[in-house]
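The residues making up each chain are set out below.
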Amino acid sequence: MNKIVLITGATSGIGLGCARKFAENGDKVILTGRNEQRLAEIRQELEAKGREVLTLAFDVRDSQQAQQCINDLPEEWQEIDVLVNNAGLALGLEPEYEGDLDDWSTMIDTNIKGLLTMTRLVVPGMVERNRGHIINIGSVAGDAAYAGGNVYCATKAAVKALSDGLRIDVADTAIRVTNLKPGLVETNFSNIRFKGDEERAAKLYKGITPLTGNDIADVAVYAANAPEHVQIAEVLILATHQASGSVIVRK
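Throughout what follows, the structure given in this document is the object of discussion.

## Concerning the layout of surface pockets
Approximately 330 Å³ is the volume found for the second largest pocket. Along the wall of the second largest pocket there are 15 residues; nearest its centre are Lys-3, Arg-131, Gly-132, Arg-176 and Glu-228. Here the lining of the second largest pocket is composed, by residue class, of six nonpolar, four polar and five charged.

## Observations concerning helix α8 (residues 213-224)
Helix length check: α8, at 12 residues, gives a terminal C-alpha distance of 17 Å against a target of 16 Å (1.5 Å per residue), a fit within 8%. Restricting attention to buried positions, one finds in α8 the residues Gly-213, Ile-216, Ala-217, Val-219, Ala-220, Val-221, Ala-223 and Ala-224. Contacts from the buried residues of α8 go to α1 (13-24), β4 (82-85), β5 (133-137), β6 (176-182) and β7 (234-237).

## With respect to the sheet that holds strand β3 (residues 53-57)
Spatial strand order, β3-β2-β1-β4-β5-β6-β7: seven strands in an open sheet with parallel pairing. The open sheet is flanked by β3 and β7, the only strands paired with a single partner. Within this sheet the neighbouring strands show an average axis-to-axis angle of 15°, counted without direction. Here strand β2 (residues 28-33) pairs with β3 via five bridges, running parallel. Directly across from Val-29, in β3, lies its bridge partner Val-53. Helix α5 (residues 150-169) contacts β5, β6 and β7 of the sheet and is inclined by roughly 160° relative to β6.

Criteria and thresholds
For every chain, the first residue of the written sequence is number 1, and numbering continues from 1 along that sequence. In keeping with the predicted nature of the model, local features appear solely for residues at pLDDT of at least 70, side-chain atom pairs appear and are counted solely at 80 or more, and the whole-chain, interface and lining totals rest on all residues. Only hydrogens and water are removed before side-chain values are computed, so all heavy atoms of the structure are retained for them. Think of a 1 Å grid over just the protein atoms. A cavity is a set of points where a 1.4 Å probe fits yet cannot get out, a pocket is an open set with protein on both sides within 12 Å along at least five of seven lines, and lining residues have an atom within 4 Å of a point. Grid points are joined across faces, edges and corners, and a volume is the space filled by probe spheres set on the points. Residues are grouped as follows: nonpolar covers Ala, Val, Leu, Ile, Met, Phe, Trp, Tyr, Cys and Pro; charged covers Asp, Glu, Lys and Arg; every other residue, Gly included, is treated as polar. For helices the rule is a DSSP run of H or I covering at least 4 residues; for strands it is a run of E covering at least 2, with both sets numbered from the N terminus onward. Multiplying one less than the number of residues by 1.5 Å gives the expected span of a helix. For every residue, the accessible area (1.4 Å probe, protein chains only) is compared with the maximum for its type, and the residue is labelled buried under 20%, exposed over 50%, or partly exposed between those bounds. Every residue pair with non-hydrogen atoms within 4.5 Å of one another is taken to be in contact. We treat two strands as partners when DSSP finds at least two bridges between them. Axis geometry follows a simple rule: fit a line to the C-alpha atoms, using only the stretch in contact for helices, then measure angles between N-to-C directions, giving values from 0 to 180 degrees.

This is the structure in structure tokens:
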């Protein structure tokens, strides 16, 4: 059965990969992000292939705006089957005692509070219908801190805890909860982390073939289409020459 899939942070990287992969799977996709023009371009791309797409331009950090967009969904788009909480970012690699307070707030408000906002807005409908799937995009960084990762790692550890907690909360329903934990994925993630320093960002992927947004999207689509009695609770996805968040062999 084709699903209605809502993907946050759908304008690039893993979110864009999920948008394309779920659409290719025949699902109707609701794509959210801050860049209205980019959303329109992606919608045009997918609609040209015969896919059904709805775009919502808002920042997950703005709970009132998010609520308004979800409340105003057209009737035929309201019964969301899959929520992909993908919107997230890292900023900086400074030691914790030298970190930027504004960067910390942005990461916490996006990676944790934004995920919570979307969960709160979408999951009650799933509970009422007794069906649904929440796929949270966590990170290997949530398993163990690495040098300079401090606050970002803490936000992704929170994603794991929130995923586990939600899975407990909905265990008496047919709703499934998945935490995907990617390792090194080549997206604009590092460009954002280093605030546009492309040379510094490129060094992160030097000497190793990193994952792509499509690789993570493949796992998300697989989890969403597993048999109803199968819950893919957690998946760690690493590049072949990456052993953990801090062990990467470059050749």
